[in-house]
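# Architecture at a glance
So the chains spell out like this:
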There are 2 protein chains.
Amino acid sequence: MEYTPESELKSRIQRFQDSLRGQGVDGALICQNVDLFYFAGTVQESFLFIPQQGEPTLMVKKSYARATRESALSNIILLEKVRHIPGVLRDGGFGHIGTIGLELDVLPTNYYFHFQSLFSRSQFTDVSRLILKVRSIKSDYEIRQIRKAVKITDEVMDWAKEIIREGMTELEIDGLLFSQARKKGHQGRLRIRGWNQEMFHCHILSGKKGAYSSFCTSPVCGEGPNPAIAQGAGAQRVRRGEPIYIDFGVGINGYVSDETRTFSIGKPHRLFLRGFEALLEIKRDMEHSAGPGVSGRAIYRRAVELARASGFEDYFMGHGEGRVPFVGHGIGLEIDELPLLGMGISTRLEEGMVFAFEPKLVFPGKGVVGVEDVYLVSSHGVERLTLTGDQLVILPE
Amino acid sequence: MEYTPESELKSRIQRFQDSLRGQGVDGALICQNVDLFYFAGTVQESFLFIPQQGEPTLMVKKSYARATRESALSNIILLEKVRHIPGVLRDGGFGHIGTIGLELDVLPTNYYFHFQSLFSRSQFTDVSRLILKVRSIKSDYEIRQIRKAVKITDEVMDWAKEIIREGMTELEIDGLLFSQARKKGHQGRLRIRGWNQEMFHCHILSGKKGAYSSFCTSPVCGEGPNPAIAQGAGAQRVRRGEPIYIDFGVGINGYVSDETRTFSIGKPHRLFLRGFEALLEIKRDMEHSAGPGVSGRAIYRRAVELARASGFEDYFMGHGEGRVPFVGHGIGLEIDELPLLGMGISTRLEEGMVFAFEPKLVFPGKGVVGVEDVYLVSSHGVERLTLTGDQLVILPE
């Protein structure tokens, strides 16, 4: 079992405290699992108070034994009831906290009301954006975790070539790839932050139902197994000559990868091959032009221009109402982190950011092709972390 | 693709409208995926306004094409921006809504603020409890879906006997069971409503790490693959003579099953066999005594008394801080539905409720045994929906 090192937690908290001071927030009460794991190294049921400066306090409901084992923080207190939080903080020297930061993008409203009643003299403010900004710059430790996740994803994608057979259902292929990833240590769950977004470990899509749009903030969703899920693999059987689109992610020690490859049993229609070539060109262009200082907007605009030049603009990043206004997104502990590489996004890449770049084409009534790789922003450009394939993989018939 | 029949949606909405009127709520704005699916038959990005009486309005952002195909509601409107909701409702004859119900148990605070600004003259109230109460009584259609999910779970549990081998990791077994379920149509995701709770499709636990407590509202969690996930299967290898605990669920058309079986390669220590017998006795007792009119509290109390009589009280439903105060829970579209069969719960069983009953024993430093079945409350008692096994399954060495 690998625990987050103390030096990691310290540097993350320090950077967050800098931004709390910058915004005039006296302290933040971290409640959500992912943010707890980031700042405290544990997802045990707890509340983490991070003051503008000084030691944070981790108040743990359950499991206390486990939180003390997992977290390298020094100030860990058993919390019997949520309503004891003000008392615990008072005992720790925080008698009155003027402005309290909360993760208002994810915190359920009833919790907010409860905190309001507990801290009736305090103001509340949303610090989710500050947290996400701190999280967007990855440490060497975090990059090592992402590399491990990427390596397993690469291996699973390679293994996919061996097992895909004509007539298998998408669900069957999905299960086999998952079982292979699990065997190699995949944590099973990939987290997503967006409200009502539901992350799937995998989208295996084939044929024209693969081109269905859905509620997900993703260019490609597919029909899914039923209208309650409405994304990912379904009962559809893969057939020769149709693109088989696989978007797969793996999680290791909390950190995720996100990779897309396109396969075909036998040669697919020329349209798909030409479309895939256009995507590779967009990807190669990004690899040469992206780096520190380049904005999300600029990367997106360039990709759209290239899609237009190749004649595929209408299908790029989805078609019609299914189109999404981005071509890449940060990854880390969640699959929808900063930076977003999309329309109107002024955020500029910085060294240490990690993102997935995913040019995709959705041809309604026909099918989907796509490619997705993971990149680390280095001092002078971007380093690709994913290994396998710059081609539409043609499997023997 | 099976869509929710119109008659289903109508009767659900009618029952909900009855309770809105009972509480003096003028209308509810349904936002969360599961509740949307329940009342509208779709999880496409949308907002469903259900007035106290009259036709509901489904306002769809994405995918509109898909929502109109999936939902049997008649009044479906394309919504460009969330801020257009008041205008759409005004056009539909709802110029001023005095009290608006929201799902405040799950709705993120920022959304609440947004609605407050859009409906500045309205009051807001939490209707999550009303929704959950309506959802707790299952229709024949819903029970058919749950039966399908249960059947696949039974088959996967049966198949587990064939594939478990000494020396396999828990993760490996987990992947194989999942792939088998996927092949049979499992939707992949089991939803849970509780904040920061994260549902896993499966808990495969063995040996003493299986007895680890965690943040989950579950008697049994296990160590998990890493501290970021902190539940379910891990890198642990299954060994002969140790109980192998499998808690597995499957989803079909949104509806889930939840089943636990205990296996052992070769005969396990007498403690586990005796413990398992005590659990069976608790289960048989519930099967004879539960039915309409019996409270959650009464069922829980009886189970605890029997655990005490058998000498296992200290380990029943978790040990120490890991203990949970319930022995069963409703299931349906989510895994944590009403009724809760637990301490102080006055809710009485009603015909049409479906629940999982899960007596379990956690022996710290040793291991876990448990059993879990799904029951339907009938007119005069409970009907067990799960089929397989009333025994600790001993596999050949």
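Residues numbered from 1 in each chain as written. Chains lettered and ligands numbered in written order. Predicted model: local features only at pLDDT ≥ 70, side-chain atom pairs only at ≥ 80, totals over all residues. Heavy atoms only, no water.

### A closer look at the overall build of chain A
A count of helical and extended segments in chain A gives ten helices and 19 strands. The C-alpha radius of gyration computed for chain A amounts to 22 Å, which stays within 12% of the reference 21 Å derived for 397 residues, consistent with globular compactness. Projected onto its principal axes, the C-alpha coordinates of chain A cover approximately 70 × 40 × 35 Å. In chain A, which comprises 397 residues, the proportion classed as buried is 63%. Contacts spanning at least 24 positions in sequence make up 67% of the contacts within chain A whose residues lie at least 6 apart. Working note: accessible area of chain A is about 14,200 Å², and carbon and sulfur atoms make up 47% of it. A gap of 1 Å separates the mean positions of the 48 positive and 49 negative side-chain charges of chain A. (Helix = DSSP H or I, 4+ residues; strand = E, 2+ residues; numbered from the N terminus. Rg over C-alpha atoms; globule rule 2.2 N^0.38 Å. Buried < 20%, exposed > 50% of the residue type's maximum accessible area, 1.4 Å probe, protein only. Contact = heavy atoms within 4.5 Å. Areas by Shrake-Rupley, 256 points an atom, 1.4 Å probe, with all protein chains shown as cover. Lys, Arg positive; Asp, Glu negative; His and termini not counted. Charge placed at Lys NZ, Arg CZ, Asp CG, Glu CD.)

### Comments concerning the pattern of salt bridges
Enumeration according to the criterion identifies 76 salt bridges over all chains in this entry. For B:Asp174, the salt bridge is made with A:Arg182, and the minimal N-O distance between the two is 3.0 Å. Taken together, the residues span two chains, with B:Asp174 in helix α8 (residues 170-183) and A:Arg182 in helix α8 (residues 170-183). The salt bridge partner of A:Asp373 is A:Arg384, with a shortest N-O separation of 3.3 Å. Of this pair, A:Asp373 sits in strand β17 (residues 373-377) while A:Arg384 sits in strand β18 (residues 382-384); the two residues are eleven residues apart in sequence, bridging distant segments of the chain. (Salt bridge = Lys/Arg side-chain N within 4 Å of Asp/Glu carboxyl O.)

### Focus: the nonpolar core
Residues and elements named next belong to chain A. The biggest cluster of nonpolar side chains holds 45 residues, and the ones touching the most others in it are Phe16, Ile30, Phe39 and Leu48. With six residues, the top contributor of residues to this core is helix α2 (residues 33-40). Residues within four places of phenylalanine 16 in sequence aside, it is in contact with Ala28, Ile30, Phe39, Ile50, Val127, Leu130, Ile131 and Val134. (Core = buried A, V, L, I, M, F, W, Y, C linked by side-chain atoms within 4.5 Å.)

### Quick word on the interface of chain B and chain A
At the junction of the two partners, chain B supplies 72 residues and chain A supplies 72 residues. Counting across the chain B and chain A interface gives six salt bridges. A:Arg191 is the partner of B:Glu198 in a salt bridge, and the nearest nitrogen-oxygen pair spans 2.7 Å. Across the contact surface, chain B and chain A share 40 residue pairs in polar contact (both at pLDDT 80 or more). When contributions to the side of chain B that touches chain A are tallied by element, the ones reaching two or more residues are α2 (33-40), β3 (57-62), α3 (64-70), α5 (109-118) and α8 of chain B. (Polar contact = N/O pair within 3.5 Å; in protein donor to acceptor, adjacent residues only side chain to side chain.)

### Observations regarding helix α6 (residues 128-136) of chain B
Across the nine residues that make up α6(B), a large majority, seven, are buried. Among the residues of α6(B), those classed as buried are B:Ser128, B:Leu130, B:Ile131, B:Leu132, B:Val134, B:Arg135 and B:Ser136.

### Regarding the domain arrangement of chain A
Residues and elements named next belong to chain A. Parsing chain A into structural domains produces domain 1 (6-135) and domain 2 (137-395). Facing 18 residues of domain 1, the contacting portion of domain 2 comprises 14 residues. Interface area for domain 1 against domain 2, summed over the two sides, is near 1,400 Å², with a carbon-plus-sulfur share of 48%. Notably, a salt bridge pairs arginine 135 with glutamate 334, separated by 2.9 Å at the nearest N-O pair. The interface formed by domain 1 and domain 2 contains twelve residue pairs in polar contact (both at pLDDT 80 or more). When residues in the side of domain 1 that touches domain 2 are grouped by element, the largest group, six residues, is from helix α6 (residues 128-136). (Domains from an automatic or database assignment. Buried area = accessible area lost by both parts, 1.4 Å probe.)

### Considering the pairing of strand β6 (residues 123-126) of chain A
Residue and element names in this part refer to chain A. As paired elements, strand β5 (residues 99-102) and β6 share four bridges and run parallel to each other. Within β6, the residue paired with isoleucine 100 across the bridge is phenylalanine 124. Crossover handedness for the path β5 to helix α5 (residues 109-118) to β6: right-handed. (Pairing = 2+ DSSP bridges. Right-handed = clockwise from strand over helix to strand, strands pointing away.)

### Looking at the packing of aromatic side chains
Inspection of the entire model under this criterion finds 25 aromatic pairs over all chains. Plain terms: the ring middles of A:Phe178 and B:Phe178 are 4.4 Å apart, the flat faces sit at 50° to each other, and that makes the pair tilted. Of this pair, A:Phe178 sits in helix α8 while B:Phe178 sits in helix α8, which puts the two residues in different chains. We note that A:Phe178, like B:Phe178, is buried. Measuring from centroid to centroid gives 5.1 Å for B:Phe49 and B:Phe94, while their planes differ by 65°, and the two rings are edge-to-face. Note that B:Phe49 is positioned in strand β2 (residues 45-51) and B:Phe94 in the loop between α4 (85-91) and β5 (99-102), a separation of 45 residues in sequence. (Phe/Tyr/Trp six-rings, centres within 6.5 Å; stacked < 30°, edge-to-face > 60°.)

### Some words on the sheet that holds strand β11 (residues 259-265) of chain B
All names here are of chain B. Spatial strand order, β7-β8-β11-β19: four strands in an open sheet with mixed pairing. Each end of this open sheet is capped by a strand with a single partner; those strands are β7 (202-206) and β19 (393-395). This sheet shows a mean twist of 20° between the axes of neighbouring strands, independent of strand direction. As defined by bridge partners, β7 adjoins strand β8 (residues 243-248) across five bridges and the pair is classed as antiparallel. (Axes fitted to C-alpha atoms, helices over the stretch in contact; angles between N-to-C directions.)

### Considering the sheet that holds β2(B)
All names here are of chain B. Strands sit in the order β4-β3-β2-β1-β5-β6 across an open sheet of six strands; the sheet is mixed. The open sheet has two free edges, formed respectively by β4 (76-78) and β6 (123-126), since each of these has just one partner strand. Between one strand and the next, the sheet's axes are offset by a mean angle of 25°, whatever the strand orientation. Each of β1 (27-30) and β2 is contacted by helix α1 (residues 6-23), which is oriented at about 60° to β2, the strand it contacts most.

### Considering the state of the cysteines
Counting across every chain of the model gives zero disulfides over all chains. Among the cysteines around B:Cys31, which has no disulfide bond, A:Cys216 carries the closest sulfur, lying 18 Å off. (Disulfide = S-S within 2.5 Å.)

### What about α5(A)?
A:Thr109, A:Tyr112, A:Phe115 and A:Leu118 are the residues of α5(A) that are buried. Packing partners of the buried residues in α5(A) comprise β1 (27-30), β2 (45-51), α4 (85-91), β5 and β6 of chain A together with α5 of chain B.

### What to know about the relation of the copies chain B and chain A
Overlaying chain B on chain A yields an RMSD of 0.0 Å, the required transformation being a rotation through 180° with an accompanying axial translation of 0.0 Å. Both copies of the chain, as the preceding transformation shows, are related through a two-fold rotation axis. The fraction of interface residues of chain B whose copies in chain A are also interface residues reaches 100%, indicating that both copies meet through the same surface. (Least-squares fit on C-alpha atoms with pLDDT ≥ 70 in both.)

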